[in-house]
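What follows is the residue order along each chain.
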Amino acid sequence: MRLPAFNALIGGGLIGGLLIAAGTGALWTPYDPLKLSFREKLAAPSAAHWLGTDEFGRDVLSRLMAGAATSVWISLLTVALAVIFGTLIGLFSGYVRGWVDRVIMAFNDALLAFPGILLALGLLAVVGANKYGIIVALGIAYTPSVARIVRGTVLSLREKEFIAASRVMGNSEAFTMARHILPNCIAPLTVLATSMFGYVLLAESSLSFLGLGVPPPAPTWGNMLAGARPYIGQAMWLGIFPGLCISLTLLGINLLGDAVRDRLDPRMRGMR
Amino acid sequence: MLRFALTRIVMAIPTLLIVAVSVFVLIRLIPGDPASLMLGDLATPASIADLRARLGLDQSLPTQFGIWFSHLLKGDLGISINSQEPILPLILSRFWVSAQIVLVAVFFASLVAVPAGVIAAWRQDTTLDLGLVGAATLLLSIPTFWLGLLLLLFFGLKLEWLPVVGYVSIGDDPWRGIIYLIMPILTLFLHEIGVILRMARASTLEVLRLDYITHARAKGLSEGAVLWRHAFKNAFGPTWTLIGLVLGNLLGGIAVVETVFTIPGLGRLLVDSIFARDYPVIQGCMLFVAFCYVLVNLVIDLCYPIFDPRVTAQ
């Protein structure tokens, strides 16, 4: 089998599995993910609790499914936020050019001078460490990279013949933007959004692991690992399964990202 | 060469300035009055007003920025609300802890991953290539905090070879200091191998398709000479740039690894300050890491001509 097809298959399978788990977890879980049961605490995986229970006797599988729903939802909203605002800023900046463009891009680049997770940490201090705070903080932190790519595409396109042709035909600038420039941004945006979903999911898990994300008792993979840390010596499964979920998801995203890039990025075509 | 260096250095100044402004504005957006926060439960309206005056909080925002910025230029980042310590020495001592982990890990990761990536590209689509890329993608997909937990579980708790948590300064006790750093360094080392290998492979692939490589082969050079003297030298640029980004990103994201191994580094300082709402320290940490990020990338840029003289000509 050719490698891109293999990547797409495995990556697609992993992400498909994630989406099914998240979708199911949002509606139904085998047990109530928040229900305490001290008689069953730190129970090893068994027929009743497939992946065991945690230090409060909560079912690990149910918590992983509920956590998948939370993480996928947060990541999708964050990526949507960054793509929408980044696209608007990039289109505007590339369209107006001149000093406005230079000022916007100077600030954009200064924000890019912060490592993404650092900017998110700083923003979390402002907006507060909770579910919506994370979406806002990560959304803002990842907007500059979208803006940069869209602006670059706009600048490279606006001197092309087909854009000039659209103007000559009497189309308004706004129509030209929406009808001819924006569709050409979709390919690079898809490549970026795919890998960004992975970054955001990792960032969300990291922040939850640090205690700055979704506050307990609501489960996320990150805060499950943080909670498991004192018990991994006696209950290994607590430290294994949430991390395995994060890793398989990121693996799926990376493989899928490679496949998407192979397909959409003309520069990479023929590399394999 | 000198002109190239000067241009790059001058170009970094506006970025640093805007970084400083952004951090200042960001911290001022935190809800709540710093003075009443600093005084806590003992605050009276009079003491709050007094402290606000001492901190300059009763001035206009631009004036506040001016005062803060002039202190910043003198290396004065203010005083921590919680510990009442000056912030810069605090950050520097924590930074040293994080920096030794990050630098050692990235150095060894590059040493392994760059040649491995070049060889994978050279043997493209063979079992060796697929194995290396597969392993790299797998390593890159494992978050550092879980990789750290797994290492801790295996080497610390099962085999009992290495201490589970804690930190001893290398200055105090070199041998024990190194023992405590092995697992955090190994964690970042394994993760970054994945990142760097893929980049080294991709940029080598791009170069191997060029005509001058065919020419080098046609004139009868050995594969080794083609690969290392011609392909590698030209392919290293993007990887070198990536290494700079990796260093900066690690410094920003090292808090999770420091949390796993309870290491008192810069990342932990930032996270603890966010919990404690110690806003001068948050401000100082963010500024410090962002400055490091810009400076590392500047140094990377300045070193670029050493192996690729073409950039100075542009």
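Fair warning: this is a prediction, and the values are worked out from it, not measured in the lab.

Calculation rules
- Residues numbered from 1 in each chain as written.
- Chains lettered and ligands numbered in written order.
- Predicted model: local features only at pLDDT ≥ 70, side-chain atom pairs only at ≥ 80, totals over all residues.
- Heavy atoms only, no water.
- Phe/Tyr/Trp six-rings, centres within 6.5 Å; stacked < 30°, edge-to-face > 60°.
- Helix = DSSP H or I, 4+ residues; strand = E, 2+ residues; numbered from the N terminus.
- Contact = heavy atoms within 4.5 Å.
- Salt bridge = Lys/Arg side-chain N within 4 Å of Asp/Glu carboxyl O.
- Polar contact = N/O pair within 3.5 Å; in protein donor to acceptor, adjacent residues only side chain to side chain.
- Nonpolar A, V, L, I, M, F, W, Y, C, P; charged D, E, K, R; others polar.
- Axes fitted to C-alpha atoms, helices over the stretch in contact; angles between N-to-C directions.
- Parallel < 35°, antiparallel > 145°, perpendicular 65-115°, else oblique.
- Left-handed = near helix turned anticlockwise from the far one by under 90°.

**Student:** Could you clarify how one ought to interpret the packing of aromatic side chains in this entry?
**Tutor:** When we look at a pair of aromatic rings, we describe it by the centre distance and by the angle of the planes. All names here are of chain B. Taken as a whole and judged by the stated rule, the model has 13 aromatic pairs over all chains. Here the aromatic rings of phenylalanine 232 and phenylalanine 236 are separated by 5.4 Å at their centres, their planes lie at 40°, and the arrangement is tilted. On the criterion of helical spacing, the pair formed by phenylalanine 232 and phenylalanine 236 is a turn pair, its members being 4 residues apart in helix H10 (residues 223-253).

**Student:** How do you make sense of the interface of chain A and chain B when you look at a structure like this?
**Tutor:** Buried accessible area, meaning the area lost when the parts come together, often serves as the stated size of an interface. Across the boundary between the two partners, chain A contributes 46 residues, which contact 54 residues of chain B. Put simply, chain A and chain B have 1 salt bridge between them. With a shortest N-O distance of 2.9 Å, aspartate 258 of chain A and arginine 198 of chain B are connected by a salt bridge. If you look at where chain A meets chain B, you find 5 residue pairs in polar contact (both at pLDDT 80 or more). Within the residue set of the side of chain A that touches chain B, elements represented by two or more residues are helix H3 (98-112), helix H4 (116-127), helix H7 (173-209) and helix H9 (236-264) of chain A. Here the element with the most residues in the side of chain A that touches chain B is H9 of chain A; it accounts for 13 residues. In terms of residue class, the side of chain A that touches chain B is built from 29 nonpolar, 11 polar and 6 charged.

**Student:** For this particular structure, what's the right way to read the packing of helix H6 (residues 127-141) of chain B against helix H8 (residues 174-208) of chain B?
**Tutor:** Relative orientation and spacing of two packed helices are given, respectively, by the angle between their axes and the distance between those axes. All names here are of chain B. Running from N to C, H6 and H8 cross one another at 135°; their axes reach a closest spacing of 7 Å. With respect to H8, the axis of H6 lies oblique. Every pair of crossing elements has a handedness; the one defined by H6 and H8 is left-handed. Residues Asp129, Leu132, Val133, Ala136, Thr137, Leu139 and Leu140 of H6 lie in contact with H8, whose contacting residues are Leu190, His191, Ile193, Gly194, Val195, Leu197, Arg198 and Arg201. Taken together, the residues that form the contact of H6 with H8 break down as 9 nonpolar, 3 polar and 3 charged.

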